[in-house]
Amino acid sequence: MWANADSWQYFPWVGVNQEHHELSHAGDNDADSRAKLVTINKWHSEQMAYLLDKLAESHEADGSSLLDNTVLLWGNELGAGNTHSYKNIPWLLAGGAGGFFKTG
């Protein structure tokens, strides 16, 4: 979890000096706010990829990877922040859960 559901965070290290929450409520035609949200989401996705890579590189005693034996969930509670829509909510589920999930 990166923040609470309201996400009052700023992201100055990627050049976004506005609150994530404020940006998420911008209108669909607000190209500047949408571009900043894309920048924030890109940073989040890079962090998730880094973690997944590290789990895949780390091995258990039986030779399986930590990723094979882990489940990570990355998601959002809304499909669109400006309308609080519950449609098209993005989720990413990664890892094999010790064989529970069939991956690939």
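Structure's up top.
Cut-offs and rules
Residues numbered from 1 in each chain as written. Predicted model: local features only at pLDDT ≥ 70, side-chain atom pairs only at ≥ 80, totals over all residues. Heavy atoms only, no water. Phe/Tyr/Trp six-rings, centres within 6.5 Å; stacked < 30°, edge-to-face > 60°. Buried < 20%, exposed > 50% of the residue type's maximum accessible area, 1.4 Å probe, protein only. Helix = DSSP H or I, 4+ residues; strand = E, 2+ residues; numbered from the N terminus. Contact = heavy atoms within 4.5 Å. Expected span 1.5 Å × (residues − 1). Patch = residues over 30% accessible without salt bridge, like charges linked within 9 Å, V, L, I, M, F, W, Y side chains within 5 Å. Areas by Shrake-Rupley, 256 points an atom, 1.4 Å probe, with all protein chains shown as cover. Salt bridge = Lys/Arg side-chain N within 4 Å of Asp/Glu carboxyl O.

Asker: Tell me what's going on with the packing of aromatic side chains, and back it up with residues and numbers.
Answerer: Counted by the stated rule, this structure contains 4 aromatic pairs. Relative to phenylalanine 101, the ring of phenylalanine 100 lies with its centre 5.1 Å away and its plane at 80 degrees, an arrangement referred to as edge-to-face. A relative accessible area of 65% means that phenylalanine 100 is categorised as exposed. Feature note: the residues Phe11, Trp13 and Trp43 constitute an aromatic cluster, connected by ring pairs.

Asker: Explain the side chain of serine 33 residue by residue, including any values.
Answerer: Mapped onto the fold, serine 33 is located in helix 2 (residues 31-57). Not counting chain neighbours up to four residues away, the residues in contact with serine 33 comprise Leu23 and Ala26.

Asker: Describe unusual backbone geometry, and please don't skip the residues or the numbers.
Answerer: In this structure, asparagine 88 is a non-glycine residue whose phi angle is positive, near 55 degrees. Mapped onto the elements, asparagine 88 comes out in the loop between strand 1 (72-75) and strand 2 (91-94). Owing to a relative accessible area of 74%, asparagine 88 belongs among the exposed residues under this scheme. The phi dihedral of alanine 97 is positive, around 55 degrees, even though this residue is not glycine. By the element assignment, alanine 97 lies in the segment after strand 2.

Asker: Kindly report on helix 2, identifying the contributing residues and their values.
Answerer: Over its 27 residues, helix 2 extends 38 Å from the first C-alpha to the last, a length consistent with the 39 Å expected when each residue adds 1.5 Å. Listed as buried for helix 2 are Ser33, Leu37, Ile40, Trp43, His44, Met48, Leu52 and Leu55. In this structure, the buried side of helix 2 is in contact with helix 1 (20-24), strand 1 and strand 2.

Asker: Please give an account of a nonpolar patch on the surface that cites residues and values.
Answerer: A cluster of nonpolar residues, Val71, Leu73, Trp91, Leu93, Phe100 and Phe101, forms a patch on the protein surface that exposes about 660 Å² of accessible area. Tracing the sequence through the fold places valine 71 in the loop between helix 2 and strand 1.

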